[in-house]
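Descriptive analysis of the structure
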Amino acid sequence: MMMATVLCLVCSTGLTAQVISFSMDEEAASKNTPEGWNEVQLPKDLPTFTESNTFYITNYGASTTSADNTTAIQNALNAAKNAGGGMVVIPAGEWLSNTIKVGSKTVLHLCAGATLKWLAYGDRSTTEGNNFIINNGAPTDVVIEGEGNTSIIEGQGGLWWQHYKDSGVKRGAMIRFGKGYRFLFRNFRMQNAPGTNLTIGQSGNGSHATVHDIEIKNPSSSASTPSHNTDGIPIWTQYVNIYNCMIDTGDDNVVTDSKAQYVHVWNCDFKAGHGASLGSYTQDMHHIIYEGLTFDGTDSGFRLKSNNDRSGDVHDIIFRNCTMKNVASPISITCWYDLSYDKLKPETIANTNTPKTATTPVYHNILIQNVTATGYNNKNSNDKSYNGIYIYGRPESYVYDVTFDNVQISHKNGVRLFFCKDIKFINGCTFTRTKDNKTVKATDADLSAVMENSYEATYSWNKESSGIGQIFAPEHASKNTYNLLGYQANNPTKGIYIQNGKKIVIK
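Small disclaimer: the values here were computed from a predicted structure and weren't measured. (Residues numbered from 1 in each chain as written. Predicted model: local features only at pLDDT ≥ 70, side-chain atom pairs only at ≥ 80, totals over all residues. Heavy atoms only, no water.)

**Overview of the overall build of the chain**
We count it as follows: A run of H or I in DSSP counts as a helix once it spans at least four residues, and a run of E counts as a strand once it spans at least two, with each numbered from the N terminus. Type-normalised accessible area, obtained with a 1.4 Å probe on protein chains alone, sets the label of each residue: buried when under 20%, exposed when over 50%, and partly exposed for intermediate values. Two residues qualify as a contact provided that any one of their heavy atoms is within 4.5 Å of a heavy atom in the partner residue. What sets the accessible areas is the Shrake-Rupley method with a 1.4 Å probe; for residues, cover comes only from the shown protein chains.
A count of helical and extended segments in the chain gives four helices and 35 strands. Counting only residues that meet the buried cut, the chain has 57% of its 507 residues in that class. Here the contacts in the chain between residues at least 6 apart in sequence split such that 71% fall between residues at least 24 apart. Only carbon and sulfur atoms are counted for the fraction: they give 44% of the accessible area of the chain, which is about 19,500 Å².

This is the structure in C-alpha cells:
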C-alpha cells in the first residue's frame, strides 16, 4: 500500500498540528479507463494543506479516554468545511465515535496506528439504520485515507450480527456517500462492520468514486461466529474504479446493484465471501468489468442474481483474467434469487405463463474470458446448488448471448443450463467434473459428459474461432462500433470491429 510520506504525530490539545503530505499522482496514473468509457473523476481543486487548514481532532477535545468523540470529530470536520476545505487528522490511538458527516474538499486522514471505532450496539443515540461516516449534504472532492493496514475503521459488529440473526435489526454501512461526486478512499483497513463496509452511491447518486488498497475483514457467513450481510463494497451508482483491495467477508466481496454503470474492478484478492457479484437489485445496470481477480475459498466467483420484481435490462458485462481456487460456485447466473436448484423444477416453471414486465431480468451480452477454476471438491456432498457452471433463466426471458472464451474449470459437480440460448464456448474451453473424473476437452463434440441437467437451453462447444461478434452490440445502440474485446470504439482506425452485430473491416 502507498504510505503517506510524513507520518502523523499524536498531538496534545493546543499543540501545533504537523502538516501531512498529500498527493493524488498515483491515482491519476492508475485510472485504467476501458476504451469508450468516460474517465472516473478524481477529487480536484483541493486546497494546499498547511497548518492553518490541518485540523487535528485532539484540538477539538477528542481523547482516547472519551466514551464518545462524535462532537469533537464533527467540529473538526465542520472547521475544514467552513475553511473552504482542509485535512482532518485522526492521530494514533483508539477513538470512539458515532455518525460523522464529511463535507466538500475535505481529507479525513487516519494516521498509522489510528483506530476510528464506531460505538458499540446499545451505546448509540440511534441504534438502528444509521451509518458511520457519511456525506454532509451533497459534497464534492472528498478523500478518506490512511497510512496502511494499521489505519483502521472498526465497526464492533459482533452484537449487531447476533441481533440481526435473532430479530432482523437494521444495520448501517461503515462508510456511505449517497450524494455528491468525486470521492477517493485509499490505504486503510475496515473490520467487523455491523452491516455493509464501503457502500458507494445511492439511487444513482454519489458517483465518481475511486477505491484502492483497502483491506476489509469480517468473519465469513459460515464461521462459528458469523457476520451477516457484511458486503465488502456495494455499488449503487455510476463511474467507479476499485483496485488493489483484499476483501475477506461474510457476503459479496464486491457487488454492483441497481444504477451501477461503468464500474471497473481489477487486481483484487477475494478470500471468504460471495464473490464478484451483480445484484440482487439489477435495474439500469450495465457496463461492468471484473478482471485480474484471485479467489481463494470464496463461495462464488462470478455471480449474477436477481428476480422478476427487481431487475431489468442487464448487459455489457465482462469477467476475465481471473483465477479461482476452492470456489464452490465459479460461474452462477440466475434469474431466481434466493431459490436453490432443488426448489426450481424447470418442467413446472415452463408452464407458469408468467408475463414479462419492466422488472423481469433480461441478461445478455456477457463475456467470461481467460478464467481458471480448480480445487473445489467438497462443501456438502448432497448439495446440488454448487456447480461449475450454472445458468438459470426464465421461460419469459431467456439468458442469452453469454460467451465463455478460454475458460478452464475443474469442479466436483458439472454444468446446469436452463432457459438460456446462444451460450458459446470458444477458444479452447475445457471442463473436468472431479466426482467421476470426466473431462470435456476442446476437441470433444459437446458438454454432455459433464452436463448435470439442462432444459430449454442451447449452446455451442468450441465451434467458433471467434465468438465476440454480438456480445457488445446491444439492441438500443446497434449503430455503435465495438472492438473484438467488446469495448466501444469511438474513433476506430484500421482493424476488425463489430457494428450492428456484424463484423466490419476498416482498412
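**Section: the nonpolar core**
Heads up, the condition is: Only buried Ala, Val, Leu, Ile, Met, Phe, Trp, Tyr and Cys residues count toward a nonpolar core, and they belong to the same one when joined by side-chain atoms within 4.5 Å.
Counting 111 residues, the largest nonpolar core has Phe319 and Phe404 as the members making the most contacts within it. Per-element accounting of this core gives the leading share, seven residues, to strand E29 (residues 415-426). Setting aside residues up to four positions removed in sequence, Phe404 forms contacts with Ile331, Ile368, Ile389, Ile391, Ile423, Lys424, Phe425, Ile426 and Cys429. In terms of nonpolar packing, the next biggest core, distinct from the first, is built from seven residues, Val40, Tyr239, Ile289 and Ile318 among them.

**Focus: the environment of Ala442**
Relative to the elements of secondary structure, Ala442 occurs in the loop between strand E31 (438-440) and strand E32 (451-461). For the pair Ala442 and Asn427, spaced 15 residues apart in the sequence, the C-alpha separation amounts to 7.9 Å.

**Points about the packing of aromatic side chains**
Given two aromatic rings, their pairing is described by the distance between the two centres and the angle made by the two planes. Definition in use: Between the rings of Phe, Tyr and Trp (Trp by its six-membered ring), a pair exists once the centres lie within 6.5 Å; its type follows the angle of the planes, with under 30 degrees stacked, over 60 edge-to-face, and the other angles tilted.
Applying the stated criterion to the full structure yields 22 aromatic pairs. Ring centres of Phe302 and Phe319 lie 5.2 Å apart, and the angle between their planes is 40 degrees; this geometry places the pair in the tilted category. In this pair, Phe302 is assigned in strand E23 (residues 300-305) and Phe319 in strand E24 (residues 313-325), connecting sequence segments 17 residues apart. In this structure Phe319 comes out as buried when scored by relative accessible area, which is 0%.

**Here we look at the pattern of salt bridges**
To keep it simple, the criterion reads: Put simply, a salt bridge is a Lys or Arg side-chain nitrogen that is within 4 Å of an Asp or Glu carboxyl oxygen.
Applying the stated criterion to the full structure yields 19 salt bridges. Notably, a salt bridge pairs Lys31 with Glu39, separated by 3.1 Å at the nearest N-O pair. Exposure remark for Lys31: the relative accessible area of 16% places this residue in the buried category. The salt bridge involving Arg303 is made with Asp252; its shortest N-O contact spans 3.5 Å. Remark: Asp252 occurs in the loop between strand E16 (246-248) and strand E17 (254-256) and Arg303 occurs in strand E23; sequence separation between them is 51 residues. Of the two residues, Arg303 and Asp252, neither departs from the other in class, the shared state being buried. A single network of salt bridges, built from pairs that share partners, joins Arg416, Arg433, Lys435, Asp436 and Glu452.

**Description of the environment of Ser220**
Within the secondary structure, Ser220 sits in the loop between strand E13 (207-217) and strand E14 (233-235). You can call Ser220 buried: its relative accessible area is 18%.

**What about the confidence of the model for the chain?**
Formally: In predicted models, pLDDT denotes the confidence assigned by the predictor to each residue on a 0 to 100 scale.
This prediction gives the chain a mean pLDDT of 89; 86% of its residues lie at or above 70. The low-confidence segment residues 1-7, where pLDDT is below 50, has 25 contacts with residues more than four positions distant or belonging to other chains. Contacts from residues 9-15, a stretch scored under 50 in pLDDT, to residues over four places away or in other chains number 13 contacts.

**Thoughts on unusual backbone geometry**
Positive phi, close to 50 degrees, is recorded for Gln156, a residue that is not glycine. Even without being a glycine, His208 presents a positive backbone phi close to 60 degrees. Within the secondary structure, His208 sits in strand E13. With a relative accessible area of 10%, His208 lands in the buried category.

**Here we look at the pairing of strand E26 (residues 362-376)**
Regular strands show a simple pattern: their side chains alternate between the two faces of the sheet. The criterion, for reference: The rule for pairing is simple: two strands pair if DSSP sees at least two bridges between them.
Counting buried positions along E26 gives 11 out of 15 residues, so the element sits mostly inside the fold. In this structure, E24 lies alongside E26, joined through 10 bridges in parallel fashion. Bridged to Arg320 within E26 is Gln369. Alignment of E26 against strand E28 (residues 399-411), held across nine bridges, turns out to be parallel. If you follow Tyr376 over to E28, its bridge partner there is His411.

**Description of the pairing of E29**
Counting buried positions along E29 gives 10 out of 12 residues, so the element sits mostly inside the fold. Two elements, strand E27 (residues 389-392) and E29, share four bridges in a ladder whose sense is parallel. Bridge pairing in E29 places Ile391 opposite Leu417. For E28 and E29, the ladder comprises six bridges, and the chain directions are parallel. Bridging from a neighbouring strand, Val399 pairs with Cys420 of E29. Pairing of E29 with E32, which is carried by eight bridges, proceeds in the parallel orientation. Its bridge partner lying in E32, Val415 is registered against Met451.

**Some words on the side chain of Glu145**
Mapping Glu145 onto the fold places it in strand E8 (residues 140-145). Ignoring anything within four residues of it in the chain, the contact list for Glu145 reads Phe22, Met87, Val107, Leu108, His109, Leu110, Arg186, Asn187 and Phe188.

**Some details on the environment of His228**
The residue His228 is located in the loop between E13 and E14 in this model. Classification of His228 as buried rests on a relative accessible area of 19%. C-alpha separation for the pair His228 and Thr196, spaced 32 residues apart in sequence, amounts to 9.1 Å. Other than its neighbours up to four places away in sequence, His228 contacts Trp161, Tyr164, Lys165, Arg171 and Pro194.

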